[in-house]
Amino acid sequence: MAQRQAEREAQEKEKEKEKEKERREVGKALLERKRTQEEQELKEAALARRKDKDAEKKAKEAVKAAIEQDRLDRKMKYDAEKKANDEKRKENEKAALAAQAAQAEKTASDRATVARIQFRLPDGSSQTKQFPAETPLAEVYDFVSTGLETQFSSFSLSTTFPRRMLDQEDEDHQP
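This write-up is about the structure you can find in this document. (Residues numbered from 1 in each chain as written. Predicted model: local features only at pLDDT ≥ 70, side-chain atom pairs only at ≥ 80, totals over all residues. Heavy atoms only, no water.)

Quick look at the overall build of the chain
Okay, so step 1: The helix and strand inventory of the chain stands at three helices and four strands.
Okay, so step 2: Against the compact-globule benchmark of 16 Å for 175 residues, the chain has a radius of gyration of 60 Å, which places it well outside the compact range.
Okay, so step 3: For the chain, the spread of C-alpha atoms along the three principal axes comes to 190 × 30 × 25 Å.
Okay, so step 4: Relative to its 175 residues, the chain shows a buried fraction of 9%.
Okay, so step 5: Accessible surface computed for the chain: about 16100 Å², of which carbon and sulfur atoms make up 51%. (Helix = DSSP H or I, 4+ residues; strand = E, 2+ residues; numbered from the N terminus. Rg over C-alpha atoms; globule rule 2.2 N^0.38 Å. Buried < 20%, exposed > 50% of the residue type's maximum accessible area, 1.4 Å probe, protein only. Areas by Shrake-Rupley, 256 points an atom, 1.4 Å probe, with all protein chains shown as cover.)

Quick notes on helix 2 (residues 137-146)
Okay, so step 1: Burial in helix 2 covers these residues: Val140, Tyr141, Phe143 and Val144. The arc that holds the buried residues of helix 2, viewed along the axis, is 160°, so those residues lie on one side. (Arc of directions from axis to C-beta.)

Focus on the packing of aromatic side chains
Okay, so step 1: Counting across every chain of the model gives two aromatic pairs.
Okay, so step 2: Seen from their ring centres, Phe119 and Phe143 are 5.5 Å apart, and the 40° between their planes marks the pair as tilted. Separated by 24 residues along the polypeptide, Phe119 in strand 1 (residues 114-120) and Phe143 in helix 2 bring together distant segments of the chain. Here Phe119 and Phe143 have matching classes, each one buried.
Okay, so step 3: Where Phe131 meets Phe143, the ring centres are 5.7 Å apart and the plane angle is 80°; that geometry is what we call edge-to-face. In this pair, Phe131 is assigned in strand 2 (residues 126-132) and Phe143 in helix 2, connecting sequence segments 12 residues apart. Neither Phe131 nor Phe143 differs from the other in exposure class; each is buried.
Okay, so step 4: Through a chain of ring-to-ring contacts, three or more aromatic side chains come together here, namely Phe119, Phe131 and Phe143. (Phe/Tyr/Trp six-rings, centres within 6.5 Å; stacked < 30°, edge-to-face > 60°.)

Written out as structure tokens, the structure reads:
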């Protein structure tokens, strides 16, 4: 019995040693598992950070691309408006030039149909009268003898440059 008891005690000590070994191995395995899990979590966190950075980078690139596209659109719109304004301005200038040309032509045709004659009087004054272009010189003589402010009994008509005496060219001017 003492021997059995000694064997039992020895077996119990042996069991305790085994339990202690097992406990230590379980503790080591648990620590190893914990360490592996922490490493895995760190890897996952690093991967998540990398994905976030990539997503931010893509978002920034997308925003930059949108800004560049907006700039191009604004430039195209500005260029189109500028071109339209230039064309409108050119059309207005053409219309103004056409109106000026028409006015100049009308003025030229009016000048061609009207003769404006300035009479210089002996006292230094002058008087201007417009005659139709087809008017004969006899009517001009009639106007000088009757239509001027001051009446003259004898007078002569001449051009200034080149100097020509109209009295000698048209002898039938007096009635």
